[in-house]
Amino acid sequence: AQKVTQAQTEISVVEKEDVTLDCVYETRDTTYYLFWYKQPPSGELVFLIRRNSFDEQNEISGRYSWNFQKSTSSFNFTITASQVVDSAVYFCALSDNAGGTSYGKLTFGQGTILTVHP
Amino acid sequence: DTGVSQNPRHKITKRGQNVTFRCDPISEHNRLYWYRQTLGQGPEFLTYFQNEAQLEKSRLLSDRFSAERPKGSFSTLEIQRTEQGDSAMYLCASIPMYGETQYFGPGTRLLVL
């Protein structure tokens with residue numbers, strides 16, 4: 001069975017601080033996808049990034065960066081110079097979308113509530 | 001591009017009543033998922049459609065729940081004889097046939113009194 005663990009339930013930082021959200025996953029599949037989604041108070045899940053299991057290159061997009069380490073089954077997310085607008089719940093998710101009988105459903109972690117204070 | 005839409009956005013009902021939610025996926029997305037999210041938790045998979053065929057159902061989908069996608073476009077999720085434990089956010093997501101990223105709607109927040 002697949003499992004995603006986000007050990008940090010809540011994180012509180014002051015604006016302009018850097019913050020890292022941890023994600024650890026478990027899967028028996030050799031091909032899989034990892035995702036991060038943001039859920040603002042409105043409730044809609046906003047897609048941030050997708051990584052497939054064969055691509056361990058780290059990625060940077062503006063103030064966001066992601067560190068994928070297959071050896072430790074981790075996919076951590078860092079926000080540099082945090083802003084109040086970054087306040088939201090962030091979810092890490094795992095998909096076994098490898099074709100065949102797999103239909104790509106997502107297994108989510110419990111989420112990390114990030115609060116950025118001015 | 002119009003995103004995934006869901007209606008209603010909020011629903012309050014009394015225990016024992018039936019409710020139905022609708023999801024309109026992104027145009028030409030033939031794969032559709034339903035998830036349920038309870039307070040303080042991540043979304044949990046309920047069911048999956050590929051076109052009009054319901055190909056996977058979670059154990060969470062008890063016999064009081066039924067989902068349809070009759071023409072392979074919009075989908076409905078019905079809950080019969082609602083219970084207080086059904087109170088949750090119901091999320092719908094869609095994806096193109098060979099895509100990898102699910103795009104979510106705003107959800108329907110259900111409160112059963």
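Residues numbered from 1 in each chain as written. Chains lettered and ligands numbered in written order. Predicted model: local features only at pLDDT ≥ 70, side-chain atom pairs only at ≥ 80, totals over all residues. Heavy atoms only, no water.

Participant: Account for the confidence of the model for chain A, with residues named and values stated.
Facilitator: For chain A, the mean per-residue pLDDT works out to 92, and 95% of the residues sit at or above 70. Mean pLDDT values over the elements of chain A span from 87, in strand E7 (residues 59-61) of chain A, up to 98, in strand E12 (residues 112-117) of chain A. (pLDDT = per-residue confidence, 0-100. Helix = DSSP H or I, 4+ residues; strand = E, 2+ residues; numbered from the N terminus.)

Participant: I'd like a description of the state of the cysteines, backed by residues and values.
Facilitator: A complete count under the given rule lists two disulfides over all chains for this structure. Two residues share a disulfide in this structure: Cys23(A) and Cys92(A), whose sulfurs sit 2.0 Å from each other. Taking the torsion about the sulfur-sulfur bond, which here is approximately -65°, the covalent link between Cys23(A) and Cys92(A) counts as left-handed. On the criterion of sequence distance, the pair formed by Cys23(A) in the loop between strand E3 (19-21) and strand E4 (24-26) and Cys92(A) in strand E10 (residues 88-95) is long-range, its members being 69 residues apart. Side by side, Cys23(A) and Cys92(A) carry an identical accessibility label, which is buried. Each sulfur of the disulfide joining Cys23(B) and Cys92(B) lies 1.8 Å from the other. Here the S-S torsion is close to -65°, and the disulfide linking Cys23(B) with Cys92(B) is therefore left-handed. Note that Cys23(B) is positioned in strand E3 (residues 19-24) and Cys92(B) in strand E9 (residues 88-95), a separation of 69 residues in sequence. Taking relative accessible area as the criterion, Cys23(B) reaches 0% and is therefore assigned buried. (Disulfide = S-S within 2.5 Å. Buried < 20%, exposed > 50% of the residue type's maximum accessible area, 1.4 Å probe, protein only.)

Participant: Pulling in residues and values, what's your account of the nonpolar core?
Facilitator: Inside soluble globular proteins, nonpolar side chains tend to come together where they are buried. Core analysis: the largest hydrophobic core is formed by 23 residues, its most contacted members being Trp36(A), Phe75(A), Phe77(A), Tyr90(A) and Leu114(A). Counting residues per element, the ones that place at least two in this core are strand E2 (10-14), E3, strand E5 (33-39), strand E8 (64-69), strand E9 (74-79), E10 and E12 of chain A. At four residues, the largest contribution of residues to this core is made by E10(A). Formed by 19 residues, the second largest nonpolar core is a distinct cluster that contains Phe21(B), Trp34(B), Phe65(B) and Val112(B). (Core = buried A, V, L, I, M, F, W, Y, C linked by side-chain atoms within 4.5 Å.)

Participant: Go over the interface of chain A and chain B with me, naming the residues and quoting the values.
Facilitator: Each partner contributes to the interface: chain A provides 19 residues, whereas chain B provides 23 residues. Surface buried jointly by chain A and chain B totals about 1800 Å² across both partners, of which 50% is contributed by carbon and sulfur atoms. Broken down residue by residue, the surface that chain A buries against chain B is led by Leu45(A), Tyr103(A) and Lys105(A), which jointly contribute 32%. Remark: the boundary between chain A and chain B carries two salt bridges. With a shortest N-O distance of 3.6 Å, Arg50(A) and Glu100(B) are connected by a salt bridge. Taken together, chain A and chain B are joined by eight residue pairs in polar contact (both at pLDDT 80 or more). Going through the elements one at a time, E5, strand E6 (46-52) and strand E11 (106-108) of chain A are the ones with two or more residues in the side of chain A that touches chain B. (Contact = heavy atoms within 4.5 Å. Buried area = accessible area lost by both parts, 1.4 Å probe. Salt bridge = Lys/Arg side-chain N within 4 Å of Asp/Glu carboxyl O. Polar contact = N/O pair within 3.5 Å; in protein donor to acceptor, adjacent residues only side chain to side chain.)

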